Amino acid sequence: MALIVQKYGGTSMGSIDRIKNVAKRVKRWHDNGHQVVVVVSAMSGETNRLIDLARQISSQPDAREYDQMVSTGEQVSISLLAMAIKELGIGARSFTGRQVAIKTDSAHNKARIESIDDKNIRAQLDAGNVVIVAGFQGIDEEGNATTLGRGGSDTTGVAIAAALGADECQIYTDVDGVYTTDPRVTSKAKKLEKITFEEMLEMASLGSKILQIRSVEFAGKYGVPLRVLSSFDENNDGSFDQEFQDNVGTLITIDEGDNMEQAIISGIAFNRDEAKIVVRGVPDHPGIASAILSPIGRANIEIDMIVQNLSTNGMTDFTFTVNRTDMEKTMKVLENEVKDEIGAKEILSNDEVVKVSLVGVGMRSHAGVASLMFQTLAENNINIQMISTSEIKVSVLIQEQYLEKAVRSLHTAFGLDRADGESKIAGL
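Residues numbered from 1 in each chain as written. Predicted model: local features only at pLDDT ≥ 70, side-chain atom pairs only at ≥ 80, totals over all residues. Heavy atoms only, no water.

What follows concerns the pairing of strand S17 (residues 386-390). Here five bridges tie S17 to strand S18 (residues 393-399), and the two strands are oriented antiparallel to one another. Across the sheet, Thr389 pairs through a bridge with Val394, a residue of S18. The hairpin formed by S17 and S18 contains two residues between the paired strands. (Pairing = 2+ DSSP bridges. Helix = DSSP H or I, 4+ residues; strand = E, 2+ residues; numbered from the N terminus.)

This paragraph deals with the UniProt feature "domain: ACT" (unreviewed entry) in the protein chain. Summarizing the sequence annotation, UniProt attributes the feature "domain: ACT" (unreviewed entry) to residues 277-361 in the numbering used throughout. Here residues 277-361 runs as 32% helix and 42% strand, with 31 Å between its end C-alpha atoms. (UniProt positions renumbered as here; feature names shortened; annotations may be inferred.)

The subject of this paragraph is the nonpolar core. Counting residues in hydrophobic clusters, the biggest one holds 40 residues, and the most contacted among them are Val5, Val37, Ile121, Val133, Ile160 and Leu226. Looking at which element gives the most residues to this core, the answer is helix H7 (residues 152-164), with five residues. In terms of nonpolar packing, the next biggest core, distinct from the first, is built from 24 residues, Ile268, Leu358, Met363 and Val396 among them. (Core = buried A, V, L, I, M, F, W, Y, C linked by side-chain atoms within 4.5 Å. Buried < 20%, exposed > 50% of the residue type's maximum accessible area, 1.4 Å probe, protein only.)

A separate point is the side chain of Ser357. By the element assignment, Ser357 lies in strand S16 (residues 346-359). You can call Ser357 buried: its relative accessible area is 0%. For Ser357, the side chain forms a polar contact with the side chain of Ser395, separated by 2.6 Å. (Polar contact = N/O pair within 3.5 Å; in protein donor to acceptor, adjacent residues only side chain to side chain.)

Before going further, it helps to examine helix H15 (residues 403-413). Of all the residues in H15, the buried ones are Leu403, Ala406, Val407, Ser409, Leu410, His411 and Ala413. Where H15 is buried, its residues contact strand S13 (267-283), S16, helix H14 (369-379) and S18. (Contact = heavy atoms within 4.5 Å.)

With that settled, consider the sheet that holds strand S15 (residues 315-323). Strand order across the open sheet formed by six strands is S14-S15-S13-S16-S18-S17, with antiparallel pairing between neighbours. Strands at the two margins of the open sheet, each flanked by one partner only, are strand S14 (303-308) and S17. On average, each strand axis in the sheet is tilted by 30 degrees relative to the strand beside it, whichever way the strands run. Bridging between S14 and S15 involves four bridges; their strand directions are antiparallel. Counterpart to Val307 in the pairing with S15 is Thr319. Contacts from helix H13 (residues 327-342) reach S13, S15 and S16 within the one sheet, and its direction differs from that of S16 by about 125 degrees. (Axes fitted to C-alpha atoms, helices over the stretch in contact; angles between N-to-C directions.)

Between two packed helices, the angle of one axis relative to the other and the distance separating the axes together describe the packing. The contact between helix H2 (residues 46-57) and helix H3 (residues 63-70) brings their axes to 10 Å, and the two run at 145 degrees. The hand of the H2/H3 crossing is right-handed. Between H2 and H3, the contacting residues are Leu50, Ile51 and Ala54 on the first element and Tyr66, Met69 and Val70 on the second. (Left-handed = near helix turned anticlockwise from the far one by under 90°.)

Counting through the fold element by element, Thr181 comes out in the loop between strand S9 (168-173) and strand S10 (194-196). Aside from chain neighbours lying at most four places away, what touches Thr181 is Thr186, Ala189, Ile268, Phe270, Val407 and His411.

Further remarks concern the packing of aromatic side chains. Per the stated rule, a full pass over the model turns up three aromatic pairs. Between Tyr8 and Tyr172, the ring centres sit 4.7 Å apart and the planes meet at 10 degrees, which makes this aromatic pair stacked. You can see Tyr8 sitting in strand S1 (residues 3-8) and its partner Tyr172 sitting in strand S9, a full 164 residues away along the chain. When the centroid spacing of 6.2 Å and the interplanar angle of 55 degrees are considered together, the rings of Phe318 and Phe320 count as tilted. For the pair Phe318 and Phe320, a shared accessibility class is recorded, and that class is buried. (Phe/Tyr/Trp six-rings, centres within 6.5 Å; stacked < 30°, edge-to-face > 60°.)

See below:
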């Protein structure tokens, strides 16, 4: 018997029929002798509906009242799922974040979990019941409702799994696992059986939308085995074909293992939400980077890639990227607070760029990854505008129009199309 925490997102809970199918899936695990805790999001579209209501009242709603309102979506879904499970003849009990209790700090809309009292959950599990917990929410030390930010139900699921010492935390979503890249870009993308926390964290931060970054960080910190599975593999009657019963999704684990060592590249991530800013003709002296970036930091704008050109006659160009939605705000900061202060010649922006990244723990033990990446892009006449690297990642900034061509060519070059994963890197 295992203790399993399952998390279902809004799409999985998007209708009464889907909720009933989730109940049937939970019953299958319960009937096999496992203790099951289920974490759910609000029904698909419900949180957006509530946010829209708040925006109709105020363009900047009071943070406390905002959380008080948007946290109600999960209260509906946990109750409906508990009812559906009981209709199948199994005991079930639902809990809000307050009732668990999931204690957080007081940062409304983006609270962080500080502790979880597992007493109520364990009592219900010991009584043979399935426990359903509202994701995305908690309470602060003053008893106010708090929310964890978009995708926060993933973090709730992982945190509860960590608090209970669960054998596994299963994240059910609308895909059946983590793929080598987005299957919508190349039909040759393959599902990974395993991926490390490090790789998943890099892919999540680089644009992969499968898991919330904080949930992966939490799982890695507390060593919670994560598994990504599809919630849409049942037949219309809620039964499961053998091929779906054998589908184990993708396991995200701390253990690289021998098989993980053999994979030089595990996946290709990309991010369309990039914008490039170039500050041209600035004096090349100590402190110039700080003079440019500090005002941007004070405006709460995050910087991604950074390049400073070699100095020519004491002058240089300074280039960096920000989220595409922050481009105009960044330009205003630079024009109003930076340009005249540092004597910059001009400031340019470009929001028709994307970041493409190779991710893999195998980079630690294999040379030649970056050179093959650059060679492949050159052979396809794709110009590289910026480069950044880490121990298990190489990222490049390219023109947006070449995104699909770049991903497909790199997917082939690094052997991700092949069953044996053989790449063109010499000697491998």
